[in-house]
Amino acid sequence: MIYDKNWFQLQPMYNFIRKQAENEKFLKYLEIGSTFTLVAIFLFFAIMPTMTTIFSLLGEIKSKESFIKKVDSKITNIIKAQKEYSQVQEKYSLIEESFPSQPQYYNGASNLATLFRDSSLGINQINFNLNTETIQKENNSQFFKSYQINLTGEGQYSAIMEMLKQMLNNRRLINTSNILISQTKTDENETGSNMVNINFFNDLYFLPDN
């Protein structure tokens, strides 16, 4: 059989075959692209929540580590404060006796009366001046209060000197504002040589209510 068709007659067939080949190639590219797209979508929706959870957990771990460090620091400070408080607590009673947080009228009078008795001085009378005085410091930031106790007694001059020495070593914060000493009269015309009268004015300090 002799084919008498020329190139121009066969060109449409070649064009058709070429287009079919190009279409098939395009479909393959489209299939590959769709596959990669689906894989990418799968990775995004499947792995992304997991990654988000991981990063969230890492953030929580760091936050908890920071919180634990702060708590450890506070615990250390509390333990240190407890140790310091236990050391100061032993001396707190001494501070309270010296500069009490309340007036403690009875203790103040008893303190002074004990000084009189220990020095062999007799006590005739104890008077309180309860018009408490507020004393303001120069910086106007701290102040304290005081009240006055007046003791009247008698004894030998040497006993008075002994009582004043003991006053210097007294634990209570006391300011002796005035001391009046006079001889004891035995009758209208004579004066005793050994016994003297003493009038003892004292300001006792304490902290204010606030």
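The coordinates are above.
First things first, this report covers the structure right here in the doc.

Quick notes on the rules
- Residues numbered from 1 in each chain as written.
- Predicted model: local features only at pLDDT ≥ 70, side-chain atom pairs only at ≥ 80, totals over all residues.
- Heavy atoms only, no water.
- Core = buried A, V, L, I, M, F, W, Y, C linked by side-chain atoms within 4.5 Å.
- Buried < 20%, exposed > 50% of the residue type's maximum accessible area, 1.4 Å probe, protein only.
- Helix = DSSP H or I, 4+ residues; strand = E, 2+ residues; numbered from the N terminus.
- Contact = heavy atoms within 4.5 Å.
- Expected span 1.5 Å × (residues − 1).
- Arc of directions from axis to C-beta.
- Polar contact = N/O pair within 3.5 Å; in protein donor to acceptor, adjacent residues only side chain to side chain.

1. As for the nonpolar core
With 18 residues, the main nonpolar core has Leu112, Phe116, Ile149, Met163 and Phe200 as its most contacted residues. Listed by contribution, the elements that provide at least two residues to this core are helix H2 (105–118), strand E2 (143–156), helix H3 (157–168) and strand E4 (191–206). Among the elements that line this core, the one with the most residues is E4, at 5 residues.

2. With respect to unusual backbone geometry
Across residues other than glycine, the phi torsion is negative in most instances, and most of the peptide bonds are trans. Look at glutamine 104: it is not a glycine, yet its phi comes out positive at around 50°. With respect to the secondary-structure elements, glutamine 104 resides in the loop between helix H1 (7–98) and H2. Here glutamine 104 falls in the partly exposed class, since its relative accessible area comes to 26%. With phi around 65°, serine 120 is a residue other than glycine that occupies positive phi space. Here serine 120 shows up in the loop between H2 and strand E1 (122–136).

3. Section: the environment of isoleucine 160
Looking at where isoleucine 160 falls in the secondary structure, it is placed in helix H3. The contact partners of isoleucine 160, leaving out residues within four places of it in the chain, are Leu121, Ile181, Val196 and Ile198.

4. Section: the side chain of asparagine 170
If you trace the backbone, asparagine 170 turns up in the loop between H3 and strand E3 (174–185). Under the relative-accessibility criterion, asparagine 170 is labelled buried at 18%. In this structure, asparagine 170 is in contact with Asn111 and Leu115, ignoring residues within four places of it in sequence.

5. Thoughts on H2
In a regular helix each residue adds 1.5 Å, so 14 residues correspond to 20 Å; H2 covers 20 Å between its end C-alpha atoms and thus fits that length. Those residues of H2 that sit buried are Gly108, Ala109, Leu112, Ala113, Leu115 and Phe116. Projection of H2 onto a plane perpendicular to its axis shows the buried side chains occupying an angular sector of 150°, all on one side. For H2, exposure combined with an orientation more than 90 degrees from the buried face picks out Tyr106, Arg117 and Asp118. The positive-phi residue at the C-terminal boundary of H2 is serine 120, with phi of around 65°.

6. Things to note about the side chain of serine 119
Here serine 119 shows up in the loop between H2 and E1. One polar contact links the side chain of serine 119 to the main-chain carbonyl oxygen of leucine 115, over a distance of 2.9 Å. Not counting residues up to four positions away in its chain, the partners in contact with serine 119 are Ala159, Glu162, Met163 and Gln166.

This is a description of form; function is not addressed.
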